[in-house]
Amino acid sequence: MSLYAASSARSRQFKEEAVKLLLLLCAMVSVVTTCGIVYVLVTEGLTFFQSVSPIEFLFGKVWTPMIEPKQFGVLPLFAGTLQIAFGAGVVGIPLGLGCGIFLSEYASDGLRGVLKPILEILAGIPTVVYGYFAITTVTPVLTVLFPETEVFNAASAAIVVGIMILPMIASLCDDALRTVPISVRQAGYALGATKLEVSTRIVVPGAASGIFASFVLALSRAIGETMAVTLAAGANPVLTLNPLESIQTMTAFMVQISMGDVVAGSIEYQTIFAVGLLLFLITLVMNLSAFWVVRRFRKYKSQ
Amino acid sequence: METTNAQSNLMKGMVRVLSLTGISRPVQNSKDIAEKESDFSVNLRWRRFKANAFRVVLIGTVTLAVMMLLILLYEIIRQGAGWLNWNFITSFPSRFPAKAGIWSAIWGSLWVITFTAIFSIPVGVGAAVYLEEYAKRSRLGNLIEINISNLAGVPSIIYGLLGLVVFVRAMALGRSVTSGALTMSLLILPVIIVASREALRGVPNTIREAAYALGATRWQAISAHVVPAALPGILTGIILSLSRAIGETAPLILVGAVAYVAFVPEGPSSAFTVLPIQIFDWSSRPQESFHELAAAGILVLLIFLLTMNAAAIFIRDRYQRRLKW
């Protein structure tokens, strides 16, 4: 029997077209998903904004959707989210960049072969596990260092989210640094530069767009992170700069509402879509700008 | 004016000569350069010190990252290993830590992951084949591609909102295994597509051309040669994305998986819980013994994940070495 089943030219052509159409439908699922997300967030969000003005939502400083008098100022949640993202950046960016430079410039092939899987494991650990780690390990350590630390606090959540984004930054930076051609490094050495000078003044600037994009993507991930911050940072939507206090992020609020018995269509139910819409827009803008930076300022094409 | 110009030219020339002699000296004289000709020195000692210090800092960074993983694993094993026994695995959740177990969570996870695989694999691989084999460099292909890379960056909890409105309410599937699996499928679809495309890209064009030369149609070439050749890479991507789905929690909480389920799902329309949600529930309780239960649950989850990752690495190594063109 032939591998390519013989059949009439017409039926074969029909089959070809049918398969192509079917595959196109598969590919369109992703487009439909995007449209679905936008549609769901916008329609449900609009219902919410019929009862609460967008101004009050965006600039209000009190968030008490469950307690009378109900107030819907998203700033406390937004500030909480920023606080976590900032802390995660302080922890994750230097460590991630350091690991990325080490992987790409310093590690031997053998060491790379060991370190890469370790970072992949670190990246593959579910976020709920990081939340557990924050509660049972990081917070007790913080309490020893700063006795005024609350049981739920922003610092422990920020630290574990920082550890979580570390492997992502490391591997994206590694990829970006590896696009810089060997010849450029060799030119640096030929001029008598040390390894430090080649790495930090030639290779890193050459990959600056990719490195910057990795920071933005990682921070966007920190903003959308849910389980670790829900477990570790608490459920206390207040405006504070003290990282040892309990706060609430946008994502943690959405989980809090979903865990409770909220009636579909009620104003509490609609808040999670308004908050979700805001979250979606923030991460979308960050992701798009990261892609734009890579496209616009890339010095070397990947090899 | 003229004299200053000439002077500056002379100066420049001298500088050039001096610096040439300075650099062209053998390295063992670097000390002298640093001390005597400080204006034009290359100060190698200081620069080497800095370079070495930087290396130490980098090694410290990497060590710290590896330490984090070790501490994390150590803490989980220290707290959880004592609770990990057959009783823990085969019991349903309970108010009493000593009686609590993860039987319903394990089965829930297995149900969700099986249905996620059923929904996402055909669609994901199909989309990858279309984008890589049919729509390369077409406008529609570009549009879909940009869309996929954006979808990959959408926070997972947003997929939960989508699932809640579309699957749970509009399609009236309720808080069921099917709703959860459909939501998860949409979440991991970009990962499967990207990995499969990469695998398809690795298949050399000669394979396609050889098939065409023997009279194969496009689909025959793809289904009989290109996809089988790319299968190890595709499988690796699928396994890794499914292992991501196993650990994912937030979207399932939004579509309504609950923590306390005292039964094994009976079918696709049954209510369910999954391992990460059970772990979340136990971690969020104040009692120490529930934290230890959470650690035991995490151990089971990590064993699942490590097995899947090991399988992926095994497939990648075994087949990619054999299939070299």
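Residues numbered from 1 in each chain as written. Chains lettered and ligands numbered in written order. Predicted model: local features only at pLDDT ≥ 70, side-chain atom pairs only at ≥ 80, totals over all residues.

Digging into helix α5 (residues 103-134) of chain B
All names here are of chain B.
Here comes step 1: Compared with the 46 Å implied by 1.5 Å per residue over 32 residues, the 45 Å span of α5 between its first and last C-alpha is a close match.
Here comes step 2: Remark: the principal bend of α5, roughly 30 degrees, maps to S120, with a proline, P122, within the next four residues.
Here comes step 3: When you tally the buried positions in α5, you get 26 out of 32 residues, the bulk of the element. (Helix = DSSP H or I, 4+ residues; strand = E, 2+ residues; numbered from the N terminus. Expected span 1.5 Å × (residues − 1). Bend = angle between axes of the 7 residues up to and from the residue. Buried ≥ 20, exposed ≤ 12 C-beta atoms within 10 Å, placed from the backbone.)

With respect to the environment of I246 of chain B
Residue and element names in this part refer to chain B.
Here comes step 1: Tracing the chain through its elements places I246 in helix α10 (residues 218-247).
Here comes step 2: I246 sits in the buried class, given 20 other C-beta atoms within 10 Å.
Here comes step 3: On a C-alpha basis, the gap between I246 and L302 in space is 10.0 Å, while along the polypeptide they are 56 residues apart.
Here comes step 4: Dropping the residues within four chain positions of it, I246 is found in contact with S109, I113, F304 and L305. (Contact = placed C-beta atoms within 7 Å.)

Focus: unusual backbone geometry
Here comes step 1: With phi around 55 degrees, A172 of chain B is a residue other than glycine that occupies positive phi space.
Here comes step 2: For A172 of chain B, the position within the fold is in the loop between α7 (156-170) and α8 (177-201).

Observations concerning the interface of chain A and chain B
Here comes step 1: Taken together, the contact pairs 70 residues of chain A with 71 residues of chain B.
Here comes step 2: Sort the elements by how many residues they give to the side of chain A that touches chain B and helix α1 (residues 9-51) of chain A lands first, with 20 residues.
Here comes step 3: Grouping the amino acids of the side of chain A that touches chain B by side-chain chemistry returns 44 nonpolar, 20 polar and 6 charged. (Nonpolar A, V, L, I, M, F, W, Y, C, P; charged D, E, K, R; others polar.)

Here we look at the confidence of the model for chain B
Residue and element names in this part refer to chain B.
Here comes step 1: Taken as a whole, chain B shows an average pLDDT of 84; of its residues, 85% reach a score of 70 or greater.
Here comes step 2: For the stretch residues 13-29, pLDDT sits under 50, and the model shows 11 contacts to residues farther than four places along the chain or on other chains.
Here comes step 3: Counting interchain partners and residues more than four positions distant, the pLDDT-below-50 stretch residues 32-40 has 13 contacts.
Here comes step 4: The ipTM, which scores confidence in the relative placement of chains, is 0.91 for this predicted complex, and the corresponding pTM is 0.87. (pLDDT = per-residue confidence, 0-100.)

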